[in-house]
Amino acid sequence: MPTLIRWREGRAELAEDAFTHVADDQDLASGDVIISLTRFQADGDRLIHEGRRVGVRLTSDEEAEALAYDLPRIAVVALEFPKYRDGRAYSNARLLRERLGFKGEVRAVGDVLREQAGFMVRCGFDAFEPADGTSSQEWEAAARRYRHVYQRAADTRIPAFVERRS
């Protein structure tokens, strides 16, 4: 089972993952599951009516808007980083938080590296499955590496140009 780090109130903490990732070619596990968008479109209503919490895994070429109607029923949106240099999941995270108003968990999965921590938190991610085996303490240090930010983002930190005016 992958390590799960949650970001809560400016702190990173190791967490138990109640969800099981289920591939399209696997039988559904009991309990809470994270499934692909395709599988969610086919089986999501049934799983939710069974009383399960359901998460949806979006690949980097799938758009968050595809979930807009169903977001109130979804517990987790897992955004996949196929390679660390593919940043499309950042855009989806920000869309989920700012435009679509998603209040559930936005989780980074795939090639998720500690060096990306600060950027992910700024975009609205609040859970991470690090590919590099980092601890929650290392993740927190990386997320806090820079004191100043230079633009507004989903994390609502005050940009440096606004701080200077105060």
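Structure first, text after, so check above.
Right, let's walk through the structure included here.

Definitions and cut-offs
- Residues numbered from 1 in each chain as written.
- Predicted model: local features only at pLDDT ≥ 70, side-chain atom pairs only at ≥ 80, totals over all residues.
- Heavy atoms only, no water.
- Pairing = 2+ DSSP bridges.
- Helix = DSSP H or I, 4+ residues; strand = E, 2+ residues; numbered from the N terminus.
- Right-handed = clockwise from strand over helix to strand, strands pointing away.
- Buried < 20%, exposed > 50% of the residue type's maximum accessible area, 1.4 Å probe, protein only.
- Contact = heavy atoms within 4.5 Å.
- Axes fitted to C-alpha atoms, helices over the stretch in contact; angles between N-to-C directions.
- Core = buried A, V, L, I, M, F, W, Y, C linked by side-chain atoms within 4.5 Å.
- Phe/Tyr/Trp six-rings, centres within 6.5 Å; stacked < 30°, edge-to-face > 60°.
- Salt bridge = Lys/Arg side-chain N within 4 Å of Asp/Glu carboxyl O.

**Some words on the pairing of strand β4 (residues 33-36)**
Then comes step 1: Pairing of strand β3 (residues 20-21) with β4, which is carried by two bridges, proceeds in the parallel orientation. Its bridge partner lying in β4, T20 is registered against V33.
Then comes step 2: Looking at chain direction, β4 and strand β5 (residues 54-58) are connected through four bridges and run parallel. Residue pairing in the sheet places I34 in a bridge with G55 of β5.
Then comes step 3: Handedness of the crossover joining β4 and β5 through helix α1 (residues 37-49) is recorded here as right-handed.

**A short note on the pairing of strand β1 (residues 4-8)**
Looking down a regular strand, the side chains alternate between one sheet face and the other.
Then comes step 1: Counting buried positions over the five residues of β1 gives four, a clear majority of the element.
Then comes step 2: The pairing of β1 with strand β2 (residues 11-15) spans five bridges and is classified as antiparallel. For L4, the partnering residue across the bridge sits in β2 and is A15.
Then comes step 3: The turn linking β1 back onto β2 is made up of two residues, and E9 within it adopts a positive phi angle of 50°.

**A look at the sheet that holds strand β6 (residues 76-81)**
Each strand in a sheet pairs with another by means of backbone hydrogen bonds, the pair being arranged parallel or else antiparallel.
Then comes step 1: Ordered by their spatial adjacency, eight strands build an open sheet running β2-β1-β8-β7-β6-β5-β4-β3, and the pairing between neighbours is mixed. The sheet is open, and its two borders are formed by β2 and β3, each paired with just one other strand.
Then comes step 2: Summarising the sheet, β5 and β6 pair through four bridges and their orientation is parallel. Within β6, the residue paired with G55 across the bridge is V76.
Then comes step 3: Sheet strands in contact with α1 are β4 and β5, and its direction is about 140° off that of β4.
Then comes step 4: Packing of helix α4 (residues 136-143) onto the sheet brings it into contact with β1, β2 and β8 (127-128), and relative to β2 it is tilted by some 155°.

**A word on the nonpolar core**
Then comes step 1: Ranked by internal contacts, the top residues of the largest apolar core, which has 37 residues, are L67, V77, L79, M120, F125 and F128.
Then comes step 2: In this structure, F19, I34, V76 and V109 belong to the second largest nonpolar core, which totals five residues.

**Remarks on the packing of aromatic side chains**
Then comes step 1: Counted according to the given criterion, the structure contains five aromatic pairs.
Then comes step 2: An angle of 75° between the planes, with centres 5.3 Å apart, marks the rings of F81 and Y90 as edge-to-face.
Then comes step 3: Residue class for F81 comes out buried when judged on its relative accessible area of 1%.
Then comes step 4: Measuring from centroid to centroid gives 5.8 Å for F81 and F125, while their planes differ by 45°, and the two rings are tilted. Placement of the pair is F81 in strand β6 and F125 in the loop between α3 (117-123) and β8, with a sequence separation of 44 residues. For the pair F81 and F125, one class covers both residues: buried.
Then comes step 5: A network of ring pairs unites the aromatic residues F81, Y90, F125, F128 and W139 as a single cluster.

**Topic: the pattern of salt bridges**
Then comes step 1: One pass over the structure, following the stated rule, counts 19 salt bridges.
Then comes step 2: D32 is the salt-bridge partner of R53, the closest N and O atoms lying 3.1 Å from each other. On the criterion of sequence distance, the pair formed by R53 in the loop between α1 and β5 and D32 in the loop between β3 and β4 is long-range, its members being 21 residues apart.
Then comes step 3: Look at D32 and you get buried, because its relative accessible area is 17%.
Then comes step 4: Across the pair D86 and R88 runs a salt bridge, and its minimum N-O distance is 2.7 Å.
Then comes step 5: You can call D86 buried: its relative accessible area is 14%.
Then comes step 6: Salt bridges sharing common partners tie together R6, D17, E105, R107 and E129.

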